[in-house]
Amino acid sequence: MLTEAESPFDEVLISRRDVAAHLGMSHSGFVKMLDRGEGPPYFRFGRMMRFSPAAVKAWEASQVEIAAIAA
C-alpha cells in the first residue's frame, strides 16, 4: 500500500485560465488555439478541461525547439 508521500495523485491539474496566464495569453486566445487543435495535451472531464503542469512545460519546450529550427 502506498503512503501519502508516495501517492501517484500528487500532481494538481490546472485550468485553461491558469495555462493561458502562464503562457502570457488571454483566455479567449488560448481557447481559440485549442479549437484549432493546437496547444498542450489535456484531460477532458465532461465539458471541463484540465492540464498537467508537466505536460504544459514539455509542450512549451517542444515549441521552443520548433521555433529555433524554423528560424
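For the structure itself, consult the block above.
These numbers come from a predicted model, not from an experiment.

A. Spotlight on the overall build of the protein chain. Along the protein chain, the regular secondary structure elements total 3 helices and 2 strands. Going through the 71 residues of the protein chain one by one, you find that 18% of them count as buried. The contacts in the protein chain between residues at least 6 apart in sequence include a share of 43% that link residues at least 24 apart. If you sum the accessible surface of the protein chain, you get close to 5,400 Å²; carbon and sulfur atoms cover 59% of it.

B. Structural context of helix α2 (residues 27-35). Here α2 has its buried residues at Phe30, Val31, Met33 and Leu34. The buried residues of α2 occupy one face: seen down the axis, they fall within an arc of 155°. Facing away from the buried side of α2 by over 90 degrees, the exposed positions are Lys32 and Asp35. Residue glycine 37 follows α2 closely and has a positive phi angle near 85°.

C. View of a nonpolar patch on the surface. A contiguous nonpolar surface patch, about 350 Å² in accessible area, is contributed by Leu13, Phe43, Phe45 and Met48. Overall, the relative accessible area of 31% leaves leucine 13 in the partly exposed class.

D. Structural context of the environment of leucine 13. With respect to the helices and strands, the residue leucine 13 is situated in the segment before α1 (16-23). Taking the C-alpha atoms as reference points, leucine 13 and tyrosine 42, separated by 29 residues in sequence, lie 9.3 Å from one another. Those residues within four positions of leucine 13 in sequence are excluded, and the remaining contacts are Phe43, Phe45, Arg50, Phe51 and Ser52.

About the criteria used
Residues numbered from 1 in each chain as written. Predicted model: local features only at pLDDT ≥ 70, side-chain atom pairs only at ≥ 80, totals over all residues. Heavy atoms only, no water. Helix = DSSP H or I, 4+ residues; strand = E, 2+ residues; numbered from the N terminus. Buried < 20%, exposed > 50% of the residue type's maximum accessible area, 1.4 Å probe, protein only. Contact = heavy atoms within 4.5 Å. Areas by Shrake-Rupley, 256 points an atom, 1.4 Å probe, with all protein chains shown as cover. Arc of directions from axis to C-beta. Patch = residues over 30% accessible without salt bridge, like charges linked within 9 Å, V, L, I, M, F, W, Y side chains within 5 Å. Salt bridge = Lys/Arg side-chain N within 4 Å of Asp/Glu carboxyl O.

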